[in-house]
Every structure is written in structure tokens, then in C-alpha cells.
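# Understanding the architecture of this molecule
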Amino acid sequence: MKKSVLLSTVAAVALALSACGQAPDETPTNDSAKDGDTSAESSEGADTDAFKDFKACMVSDEGGFDDRSFNESGYDGLKKAESELGIEIASAESHSPGDFQQNIDSLVSQDCDLIIGVGFMLNDAIRDSARANEDVKFALIDSRITEGQGDDFEVLDIENAKPLVFNTAEAAYLAGYAAAGMSESGKVGTFGGMDLPSVKIFMDGFADGVAKYNEDEGANVTLEGWDKEKQNGLFVGNFSDTNKGKQITENLLAQGVDIVMPVAGPVGSGTLAAVNEAGKGTVVWVDSDGYESTQDGAIIMTSVVKEIGQAVFDTIKAAGEGNYTSEAYVGTLENEGVALAPFHDFESEVPEELQAKIDALAKMIISGEIEVTTDNQP
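Notes on the structure follow. What you see as residue numbers is a count from 1 along each chain, following the sequence as written. Thresholds applied to this predicted model are a pLDDT of at least 70 for local features of residues and 80 or more for the giving and counting of side-chain atom pairs; totals over whole chains, interfaces and linings are not thresholded and use all residues. Only hydrogens and water are removed before side-chain values are computed, so all heavy atoms of the structure are retained for them.

### Notes on the overall build of the protein chain
Think of it this way: any DSSP run of H or I at least four residues long counts as a helix, any run of E at least two long counts as a strand, and we number them from the N terminus. Looking only at helices and strands, the protein chain features ten helices and 16 strands. Out of the 378 residues in the protein chain, the part that is buried amounts to 59%. When a residue's accessible area, from a 1.4 Å probe over protein chains only, is under 20% of the maximum for its type it is buried; when over 50% it is exposed; and in between it is partly exposed.

### Regarding the pairing of strand β13 (residues 282–287)
Within β13, six of the six residues are buried, leaving the element largely enclosed by the surrounding structure. You can see the chain leave strand β12 (residues 259–263), run along helix α7 (residues 268–278) and come back into β13, and the turn it takes is right-handed. Two strands pair if DSSP finds at least two bridges between them. Where β13 meets strand β14 (residues 300–306), five bridges bridge the pair, whose relative direction is parallel. Looking across to β14, one finds that W285 is bridged to S303. A clockwise path from the first strand over the helix to the second, with the strands pointing away from the viewer, defines a right-handed crossover.

### A short note on the nonpolar core
What makes a nonpolar core is a set of buried Ala, Val, Leu, Ile, Met, Phe, Trp, Tyr and Cys residues whose side-chain atoms join them at distances within 4.5 Å. Core analysis: the biggest nonpolar cluster contains 74 residues, and I87, L174, M301, V304 and I316 have the highest contact counts within it. When residues of this core are assigned to their parent elements, the largest contribution, eleven residues, is made by helix α4 (residues 168–182). Contacts were defined at the residue level, with two residues in contact if any of their heavy atoms lie within 4.5 Å. Excluding residues that lie within four positions of it along the chain, I316 makes contacts with F51, F54, A56, L78, A81, L85, I87, L114 and I116. Of all hydrophobic cores here, the second largest spans 20 residues; its members include F100, I104, L122 and I145.

### Points about the pattern of salt bridges
Salt bridge, as applied in this entry: a Lys or Arg side-chain nitrogen positioned within 4 Å of an Asp or Glu carboxyl oxygen. What the rule picks out here adds up to 13 salt bridges. Taking the shortest distance from any N to any O, the salt bridge between D195 and K200 comes out at 3.0 Å. K212 is paired through a salt bridge with D216; the nearest N and O atoms lie 3.3 Å apart. Of this pair, K212 and D216 both sit in helix α5 (residues 197–217), separated by four residues, roughly a single helical turn.

### Description of the packing of aromatic side chains
Working definition: a ring pair exists when centres of Phe, Tyr or Trp rings (six-membered ring for Trp) sit within 6.5 Å. Plane angles under 30 degrees give stacked, over 60 give edge-to-face, the rest tilted. Counted under the stated rule, the structure contains five aromatic pairs. With a centroid separation of 4.8 Å and 40 degrees between ring planes, the pair formed by F65 and Y75 is classed as tilted. Of this pair, F65 sits in the loop between β1 (55–59) and α1 (70–85) while Y75 sits in helix α1, and the two are ten residues apart along the sequence. As far as burial versus exposure is concerned, F65 and Y75 are alike and both buried. An angle of 80 degrees between the planes, with centres 5.3 Å apart, marks the rings of Y177 and Y213 as edge-to-face. Residue Y177 is located in helix α4, and its partner Y213 is located in helix α5; the two are separated by 36 residues in the primary sequence.

Now the structure itself:
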């Protein structure tokens, strides 16, 4: 693998790129097959005997475990815990929001010690299940545990429910800067799956990165599909309609956009299809390193990576060792919970000066000299 964009100047913060890989041949359904410490732990030295009676379970979002994105990354972390810690696992795949509660109920009935929900949309089901099953531990990826709707909501601290959230705005900022620097048309674009904070945080960071490039270079690269100030833009409405994702991408390409970042889970495959069919444009992938997790690395310039798999593994390990707490895990550039993936096949095309600037910006974000702010802060 070629060196990370950040690795050259942030050696002390070596990036652990997502180990997303390919999905299993058959995705299990109901099968048995970090706490505040934000470091990326390994199982080295772990006493696997301590985990022999521990059972960790996972419920996917509607995209399923083979989405080549956040569901698959979470499932990889579960499988890693099975193989390295010797725990028992079970999983339940959701195909619509209506599956969430029944899937969690099924796993509760299977005597799971820890149940992890993948995605913001499982908030209500995880929250209600945690309250109803105080002897079971829960975790929710991509969201704090909340109650209420719209502006009238409350962030909760439930003793047996742990949020695993990621400040992806930091890595998306670097991606936006890179995209603006690499755009030949002077137009880049993005769109989301659903109008959710865990989606919009990517788009906010991306917008700020484009703006920073324009400020530094006296350029006028425009961002289509998202207005950070107004907090509105293009959304599919779900994480499953790949045809609509393809249509949105085709429209962006027709407007002159030459780099697109879909923040839409499996719907991003529609963007890949549109770019491949058009024979023009490149993609910034999200959640996993798309060069490794898809078959379309030739058109993926870079990716905004969330180390979901490692966060899942660390949470399972802590719970199995008796160190589980409800304190939120927040992934950042500093603790390697988020990262900008390597440029892979595009590395020779990205000017050294641009790569050096991105490295410098990463260091400035980590040091606090640059603060990436967003209304969608995790």
C-alpha cells in the first residue's frame, strides 16, 4: 500500500486505515458464527479465556452488511473480535427501519451480552431496548443516544448505552481541500443519503476544505449539492435507492462537477456507476477506504475514513474485560478514529505541493491551530 497522505508529516499519529475488505460470501442473519480510551488497541496480550463466555451481537442499518461502507466496517470489527478474542457472535441484518426493533429483540432473546446498532437510524430502538434490558450492554455507531425530535431533543446518558461517534468533519476538510486542488472544472459536488447529522458533518467539513483552498490560492472552486450556512442540499432520502444516487450524480456531472463525494452508504455505488458510464469525473468515498472496499479504485481519488471496525473491536474488548462505560467514544484525526485515505492510483497525479499542504493542515487540526466547526458536531 502506498503511504498515507498524512503519514509523511504526522509520523507520531500513524494512520490505521480501515480494514474493511470484501464482504463475506454469505452475510449472516441472526447467526452465531472505547470507552473513553480513544487509542486504537490491539488484541496482543489479551487473555482469550476471559472472553469465552462473552457474546457480542450487531444489528445493521437498512443497507445490510455488504454495503462496502459503514455497515460492513462495523461487521468487520465484530468478526475481528470473534477471531482474535474468541468470543461468540450473532448478527441481524436490517432491510428497512421496520426491522430494527425486532432484530434487537431477537438478539436480546439470544442472550447477547453486548448489542451494537450500526447507524443513527437505530437510535430509538437502541435507546428503548437499553432502558428495557438493563442487564444487557448496548452501543450505537454514529450517534449520541437522544430523545425527542427536531430542535426539541435531548442527549441522554443511559448507563448501558454507549455512543461511538466520529468527527468526520476533520478528515472531510482535508478531502475538500484535496478535491478543490484537483478539480479541473472548478466545480466539485456532494450529496447525502438522508438529512441526518452523521451525514451532514461530512458535507460541512468538505465545504470548509473547499473554502480554505479558495482562501489560500485565491481560487473560486464552487461546491454543488450543499450549502453549509443554510444547512440544505441534495439528499436521496434513504440509504438504499442506488438509482436515485446515480441520477443525482449524473445531474452533478452535467453541471460541470468533476469530483463527487456521496455520503450515502451503499447508495454511493450509484455514483460509481454514473462516473464509470460517463467516462469522466472522480469520486471521494466515505466511511471505508473505497480503493480497498470496492472494485472501483481506479476512479476513487481518496476516502474519508471512519475507523468503525476498530471502535467496535475496542468496545467489545473493553466490555468483555469488564471495563465498559457509557462514556462516548469520539474518533478524531488525533486519535486515529478518522483519517484521509491514501491517494492510491492518483498519488502520482496529486502535486507534491498540494500533498504537503494537506499534511500541514492535518497537523494544524490535530494541534488545535485549525478548529473544524460544524452544527453537526458529534
